[in-house]
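Architecture and fold: a report
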Amino acid sequence: MGVAKDSATNSPANNPKASLDIEINGIADDAIKKVLMDNITLNNFKEYALTHPAQIPILFRKSEKEIYTLLQPYGYYKPKISTKLTHTESTWHAVFNITLNTPLRITHLEVKVIGPGKDDPIFKTLLANFPLQKGDVLTQAAYEQAKTTLTNQALNAGYLDANLNVHQIRIDNKSYTSTVLLTLDTKGQYRVGKIQLTQKRYDYDLGFIDRITRLKEGEVFTQDKITNANKRLQDSGYFSSAQIIPQLAKRDVKNHLIPLAVNLTAGYSRNYSTGIGYGTFTGPRVSFGTLFRHVTDTGQQFSFNIQASPANSTFQTSYIFPGEDPLHDNWSINAQQSYTQTDSFDERQTNFGVGRMHKYGDWKLTFGIQQYFTSYTTAANSTNERSKYLVPGFTIRYDTTQKDGFWKNGFIWNNVFQVSVNSPFSDQSFIRNAATLTYTFPLDKNWNRVVLNGNFGAIDVDNIQDIAPNFRFYSGGIGNLLGYPYLSQGPKVNGNVTGGKYLATGLVGIEQRIVGNFSTLLYYNLGNATNDLDFHDVEILKAAGIGLSYQTPLGPLMFFLSRTLNQNDRHWRVDFSIGITL
């Protein structure tokens, strides 16, 4: 260390406007450099030093020693520091030149788990992948993280009384080696004790609640289980409030049991929903729904829903029986009456059946069998036709979308597979598959994203005109083919659209947020319904345009201005929709 003196007669000691500059060199990491500057005495007592200039050399030497200590948490135990302190008529200048040298590494590491949990696979897995390893640079942050990892794992595994009875760092400066010792004493593993259940408004069967919470007396107590059980209760839809509280103050230390208080308030037995809207493809539309959520104390529910518009009206009921996991599987009995009126066909349909739903992570599978009775006319055949179909099938939905900035982004695949065999219950044999794929990803998650959408379908049937329109494929409308009226396009007979055996439409667009909930979409879409896979019987329809959307309390407002691009059919079309969609 060197302290240089200025021989000028007018030193900063006699200058009330004197300043103190501190310079730290040799530290490339700005975060470490900031820690040094924020913690050395010379900087923290700068004003005092300038009013007591005789103390500056003393504070300067103290700060040099502090730098040695401050560098140790980052693994630097043998830095080389040269210093220089000078002053002019108006300024003190303190310089610390630092050479960090080789950081200290962990020479010997000993991490042990003792007590009843020493053979627990959880700790064996942890120790095999411990975040601190021999040869790592010894930093205080890594050491503290290793201790936290050990204790957190113990708490999560039910070892609530576990403690680190050994936690040491031993450093030999002469040999420049280090030893880290950590010993976790697990003590006893706690289990779930008595579960005290309190219910308000309505009581549910205890076995039904157990299937939701998946908590049982005597099983290992972990905070993750409690958190997951709370979330399952809240997500089930049966309760307006739900809380599981571990009674830690009442835990049985001798037998290692923790009682739980489960406080539930059931939701109201009836839930109503209403909606209104308007769309150029449907006209005015309304919806009304009722959910009877407490039909039985085992969670059985009944729902009734109406959705009505000039283009499409549906009356639907469903009775639901919760499965072994009420959140992820159930049985249902359902019935539906629908009326559809488009430029291509008019149809009345009655169907009823049973179904089974399963959820597996991002996957949702629904299996069922439906009996359909239909009455219809088409643009190609004004004679009223009647038909019936017994249709087993399944639906697969894969949804990875997550909130990502302003939008939800990700991938959605929805696939419906249906089969019918000619029998007393079915007028036609067919195999049908329909799929919708949507993929969105951000360019800037708060301002713009790419939107990709596709609709694909195929049906294997002897004569497409002998089957009801709801099993045929048509194109046109929002979500299918913008620029054309709702379900108005496809193969034709004598100039009238009949619907096709196949469907392929696709859209690519860039959505740009404008301000608030407003966004625009520049898009291009193409495709059609067809009876030939090579599309020889139809023209591939193309359109491009711009869309405007806004989220309102009634639902999304959507406005699309499309220009068709086919040589023999160029026109503009406006599509508008607000509120509920059918």
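Above: the structure in question.
Here we summarise the structure given alongside this text. (Residues numbered from 1 in each chain as written. Predicted model: local features only at pLDDT ≥ 70, side-chain atom pairs only at ≥ 80, totals over all residues. Heavy atoms only, no water.)

Each helix and strand counted, the protein chain has eight helices and 29 strands in total. Against the compact-globule benchmark of 25 Å for 582 residues, the protein chain has a radius of gyration of 36 Å, which places it well outside the compact range. A total of 582 residues make up the protein chain; the buried ones form 42% of that total. Across the protein chain, contacts joining residues at least 24 apart in sequence account for 57% of those joining residues at least 6 apart. Split by element, the accessible area of the protein chain, about 29,800 Å² in all, is 54% carbon and sulfur. The distance from the centre of the 56 positive side-chain charges to the centre of the 49 negative ones in the protein chain is 5 Å. (Helix = DSSP H or I, 4+ residues; strand = E, 2+ residues; numbered from the N terminus. Rg over C-alpha atoms; globule rule 2.2 N^0.38 Å. Buried < 20%, exposed > 50% of the residue type's maximum accessible area, 1.4 Å probe, protein only. Contact = heavy atoms within 4.5 Å. Areas by Shrake-Rupley, 256 points an atom, 1.4 Å probe, with all protein chains shown as cover. Lys, Arg positive; Asp, Glu negative; His and termini not counted. Charge placed at Lys NZ, Arg CZ, Asp CG, Glu CD.)

Attention shifts here to the pairing of strand 11 (residues 270–279). Bridge analysis of strand 11 against strand 12 (residues 283–292) gives ten bridges, and the strand direction is antiparallel. Among the inter-strand pairings, Arg270 is bridged to a residue of strand 12, identified as Phe292. Linking strand 11 to strand 12, which pair antiparallel, is a turn of three residues. (Pairing = 2+ DSSP bridges.)

Within a pair of aromatic rings, the relevant descriptors are the distance that separates the centres and the angle that separates the planes. All chains considered together, the criterion is met by 28 aromatic pairs. Ring pairs connect the aromatic residues Trp363, Tyr398, Phe411, Trp413, Tyr439 and Phe441, which therefore count as one cluster. Sitting above the plane of the Tyr268 ring, Arg201 keeps its charged end 3.9 Å from the centroid. The ring of Trp447 carries Arg513 above its face, with NZ or CZ at 5.0 Å from the centroid. (Phe/Tyr/Trp six-rings, centres within 6.5 Å; stacked < 30°, edge-to-face > 60°. Lys NZ or Arg CZ within 6 Å of the ring centre and 35° of its normal.)

Right, let's get into the side chain of Arg293. For Arg293, the position within the fold is in the loop between strand 12 and strand 13 (301–308). Buried and unpaired, Arg293 has no salt bridge, with Asp235 as the nearest side chain of opposite charge at 13 Å. Within the structure, Arg293 has its side chain in polar contact with the backbone oxygen of Tyr268 (distance 2.7 Å). Once you skip the residues sitting within four places of it in the chain, Arg293 turns out to touch Tyr204, Gly237, Tyr238, Gly267, Tyr268, Ser269, Asn271, Gln300 and Gln301. (Salt bridge = Lys/Arg side-chain N within 4 Å of Asp/Glu carboxyl O. Polar contact = N/O pair within 3.5 Å; in protein donor to acceptor, adjacent residues only side chain to side chain.)

Right, let's get into the sheet that holds strand 6 (residues 163–172). The three strands lie next to each other as 5-7-6, forming an open sheet whose pairing is mixed. The outermost strands of the open sheet, each flanked by one partner alone, are strand 5 (108–114) and strand 6. Averaged over all pairs of adjacent strands, the angle between strand axes in this sheet comes to 5°, irrespective of strand direction. (Axes fitted to C-alpha atoms, helices over the stretch in contact; angles between N-to-C directions.)

Turning our attention to the nonpolar core. The biggest cluster of nonpolar side chains holds 23 residues, and the ones touching the most others in it are Ile27, Leu36, Leu42, Ile67, Leu71, Phe96 and Ile98. Contributing elements (two or more residues each) for this core: strand 2 (19–25), helix 1 (30–39), helix 4 (56–71), strand 3 (80–87) and strand 4 (91–99). Excluding its chain neighbours within four sequence positions, the residues that come into contact with Ile67 are Leu36, Ile40, Ile81, Phe96 and Ile98. (Core = buried A, V, L, I, M, F, W, Y, C linked by side-chain atoms within 4.5 Å.)

Residues in a regular strand point their side chains to alternate faces of the sheet. Note: strand 14 (residues 312–322) against strand 15 (residues 329–341), eleven bridges, orientation antiparallel. Among the inter-strand pairings, Thr317 is bridged to a residue of strand 15, identified as Ala335. Hairpin geometry of strand 14 and strand 15 is characterised by an intervening segment of six residues between the two adjacent antiparallel strands. For strand 15 and strand 16 (residues 345–360), the ladder comprises 13 bridges, and the chain directions are antiparallel. Within strand 16, the residue paired with Ile333 across the bridge is Val354.

Let us look at the pattern of salt bridges. What the rule picks out here adds up to 15 salt bridges. The closest approach of N and O atoms between Glu219 and Lys225, which form a salt bridge, is 3.9 Å. Measuring nitrogen to oxygen at the nearest pair gives 3.7 Å for the salt bridge that ties Arg397 to Asp399. Judged by its relative accessible area of 31%, Arg397 falls in the partly exposed class. If you follow the salt bridges from partner to partner, you end up with Arg214, Arg232 and Asp325 in one network.

On the surface, a cluster of negative charge is contributed by Asp203, Asp205, Asp210, Glu217 and Asp297. Topologically, Glu217 is positioned in the loop between helix 7 (206–213) and helix 8 (223–235). (Patch = residues over 30% accessible without salt bridge, like charges linked within 9 Å, V, L, I, M, F, W, Y side chains within 5 Å.)

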